[in-house]
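Below, each chain spelled out in residue letters.
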Amino acid sequence: YLTSSLMSPVYQVTASAPVNIACIKYWGKRDTTLILPTNSSLSVTLSQDNLRSTTTSRSSSSFEKTRLWLNGVEEVIKPGARLDRCLAELRRMRKENVEDKDPSVPKLSTWNLHIASYNNFPTAAGLASSASGFAALTASVAALYGLNAFPQHPSSSYSPPADASQLSLIARQGSGSACRSLFGGFVAWEMGKDSNGRDSLAIQVAPESHWPSLHALICVVNSGKKGTSSTAGMQETVLTSELLKSRIKDVVPSRMSSITQAILAKDFDSFAKITMQDSNQFHAVCLDTFPPIFYLNDVSRAIIAIITELNRVSVEATGHLVAAYTFDAGPNAVIYTESENIKTIIQLLLNYFPIDFAASPFNDSFQLFGVGHPSAAPFPKGFNENVSRVWEKDSIKGLIHTKIGDGPRVLGEEESLLNVEGIPK
Ligand code: DP6
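Residues numbered from 1 in each chain as written. Predicted model: local features only at pLDDT ≥ 70, side-chain atom pairs only at ≥ 80, totals over all residues.

To continue, consider the sheet that holds strand E14 (residues 323-326). Backbone hydrogen bonds are what pair the strands of a sheet, in a parallel or an antiparallel way. One open sheet accounts for four strands, arranged E14-E15-E13-E16; its pairing is antiparallel. Edge positions in the sheet fall to E14 and strand E16 (396-403), since each of these pairs with one other strand and no more. Direction aside, the axes of adjacent strands within the sheet are offset by 20 degrees on average. Bridge count between strand E13 (residues 214-221) and strand E15 (residues 333-338): six bridges; the pairing is antiparallel. Within E15, the position partnered with Leu 217 by the bridge is Ile 335. On the sheet, helix H7 (residues 298-318) packs against E13, E14, E15 and E16 and is oriented at approximately 160 degrees with respect to E14. (Pairing = 2+ DSSP bridges. Helix = DSSP H or I, 4+ residues; strand = E, 2+ residues; numbered from the N terminus. Axes fitted to C-alpha atoms, helices over the stretch in contact; angles between N-to-C directions. Contact = placed C-beta atoms within 7 Å.)

Here you go:
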């Protein structure tokens, strides 16, 4: 990770990290500083070919202070706040694991950093960027500090470094869900018991290669207003919801083990049922918060009704579910399904949600539609069309088709976000 510019060495690494969408939701902290959750959670990592955060970190003895740019805009680094704490942890690991063991290495832990981070998806899409962002930051600084090696991209076979779970402890302190973005595939965040948080970490349940046909369709829902942040909302729930108590004590522990079994057996029916039930319960504890928090809107509920009806006719015809919806702290739907069903689901949704694809082009990454935009198709046999009305144009303002993907990647020099002076390009 050392490149030479003119005379002096440049210590810099660029890394990218994926978005993850939980099937068992994290909602509630028992420690808000260390970010220790009230329950374990489990997610699917989405492909970085479609959605990713990229971060370049450079360390230099000539930098006067540590600076951070997000999508080109400089952010203030508040002492003691989340980012500052992540960087302090990484410096400590650099010192203890590398510099104290080998006095000949440069003392990067004492130098300032310039960090630039970029999301390839617009914040306006309403997709959370904190998970991929803190994961990319952790991966790039860790590689810069010689703490690990996430695979270089492109690589033919991806396997996470041995200490990815240790690094997840750091990403967790940036944003809870970020710890799960340090692995590809299916990832559990084990809540742990210790008050110091050392056992509250992410582990890989199964790699992406275990179930490569698992795809996701993200429906970006028009919402207009900015809702309650996850951080604020979940603490209101912890303080006021009675329902959360049984969720923490009984519901999540049993779902964590049953969804893990479903994943290992590639049992889509069980995986889908638990995923939908857990999304529903997460939004139920939001309603049970006082005053209540609403993340789903009428469009989200219409998507639930349509997927439910699709599953009903499918169970009738084949005995199997075809799709699972899940919603985070906003109205966007993520629909998990086997790759072969994505086209049908898009064509079904377009009967209810006309989309102006000229304004928000569909990334037909898997070439389902050939030339031209996707369009509606006749309803499946026996489908009750009346489960939803037909919505105004662009009530769903975009669709993103992606699949399960790998963990953080170290990128080449040419992907650097910083120029020679260490300022965003
Ligand atoms: C609904 O990880 O964004 O997406 O730890 O306060 O940064 P902080 O919260 P965050 O919460 C994510 C909540 C969720 C569920 C999930 O991803 O598990």
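Position of Ser 270 among the secondary structure elements: in helix H6 (residues 268-288). A tally of 16 C-beta atoms within 10 Å means that Ser 270 is categorised as partly exposed. Each C-alpha atom of the pair Ser 270 and Phe 357 lies 34 Å from the other, and the pair is 87 residues apart in sequence. Once you skip the residues sitting within four places of it in the chain, Ser 270 turns out to touch Ser 258 and Ala 262. (Buried ≥ 20, exposed ≤ 12 C-beta atoms within 10 Å, placed from the backbone.)

Further remarks concern the UniProt feature "domain: Mvd1 C-terminal" (unreviewed entry) in the protein. UniProt feature "domain: Mvd1 C-terminal" (unreviewed entry): in the numbering of this structure it lies at residues 216-411. Secondary structure content for residues 216-411 is 44% helix and 14% strand, while the C-alpha to C-alpha distance between its ends is 25 Å. (UniProt positions renumbered as here; feature names shortened; annotations may be inferred.)

So, on to the site of the ligand. If you check the shell around the ligand, you find 15 residues, and the closest are Ala 22, Tyr 26, Ser 175, Gly 176 and Ser 177. Of the residues that constitute the shell around the ligand, the class distribution is six nonpolar, seven polar and two charged. Both of domain 1 (2-208 + 409-415) and domain 2 (214-403) provide at least three residues apiece to the shell around the ligand. (Near = placed C-beta within 6 Å. Nonpolar A, V, L, I, M, F, W, Y, C, P; charged D, E, K, R; others polar. Domains from an automatic or database assignment.)

On to helix H1 (residues 82-99). Over its 18 residues, H1 runs 24 Å from end to end, which matches the ideal 26 Å to within 8%, given 1.5 Å per residue. Along H1, the residues that are buried comprise Leu 83, Cys 86, Leu 87, Leu 90, Met 93 and Arg 94. Taken end-on, H1 shows its buried residues confined to a sector of 120 degrees, consistent with a single buried face. For H1, exposure combined with an orientation more than 90 degrees from the buried face picks out Arg 92 and Glu 96. Taken together, the buried residues of H1 touch strand E8 (67-70), strand E10 (112-119), helix H2 (130-144) and helix H3 (164-172). (Expected span 1.5 Å × (residues − 1). Arc of directions from axis to C-beta.)

Attention shifts here to the nonpolar core. Cys 219, Ala 323, Tyr 325 and Ile 335 are the most contacted members of the largest nonpolar core, which totals 114 residues. The element that contributes the greatest number of residues to this core is H2, accounting for ten residues. Of the domains in this structure, domain 1 (2-208 + 409-415) and domain 2 (214-403) are the two that each give at least three residues to this core. (Core = buried A, V, L, I, M, F, W, Y, C linked by C-beta atoms within 7 Å.)

Here four strands make up an open sheet; going across it, the order is E3-E6-E11-E12 and the pairing antiparallel. The open sheet is flanked by strand E3 (20-24) and strand E12 (201-206), the only strands paired with a single partner. On average, each strand axis in the sheet is inclined to that of its neighbour by 35 degrees, with strand direction left out of account. For strand E6 (residues 41-45) and strand E11 (residues 186-190), the ladder comprises four bridges, and the chain directions are antiparallel. Its bridge partner being in E11, Ser 43 is matched across the sheet by Val 187. Taken strand by strand, helix H5 (residues 243-264) contacts E3, E6, E11 and E12, and its axis lies near 115 degrees from that of E3.

Looking now at the packing of H5 against H6. Between H5 and H6, whose axes approach to 10 Å, the crossing angle comes to 165 degrees. In terms of their interaxial angle, H5 and H6 are classed as roughly antiparallel. Viewed along their axes, H5 and H6 form a crossing whose handedness is left-handed. Of H6, the residues touching H5 (which contributes Leu 243, Leu 244, Arg 247, Val 251, Arg 255, Ser 258, Ile 259, Ala 262 and Ile 263) are Ser 270, Phe 271, Ile 274, Asp 278, Gln 281, Ala 284, Val 285 and Asp 288. When grouped by side-chain class, the residues that make up the contact of H5 with H6 number ten nonpolar, three polar and four charged. (Parallel < 35°, antiparallel > 145°, perpendicular 65-115°, else oblique. Left-handed = near helix turned anticlockwise from the far one by under 90°.)

Moving on to the environment of Asp 269. By the secondary structure assignment, Asp 269 is in helix H6. For the pair formed by Asp 269 and Ser 16, sequence separation is 253 residues and the distance between their alpha carbons is 32 Å. Those residues in contact with Asp 269, other than ones at most four positions away along the chain, are His 320 and Leu 321.

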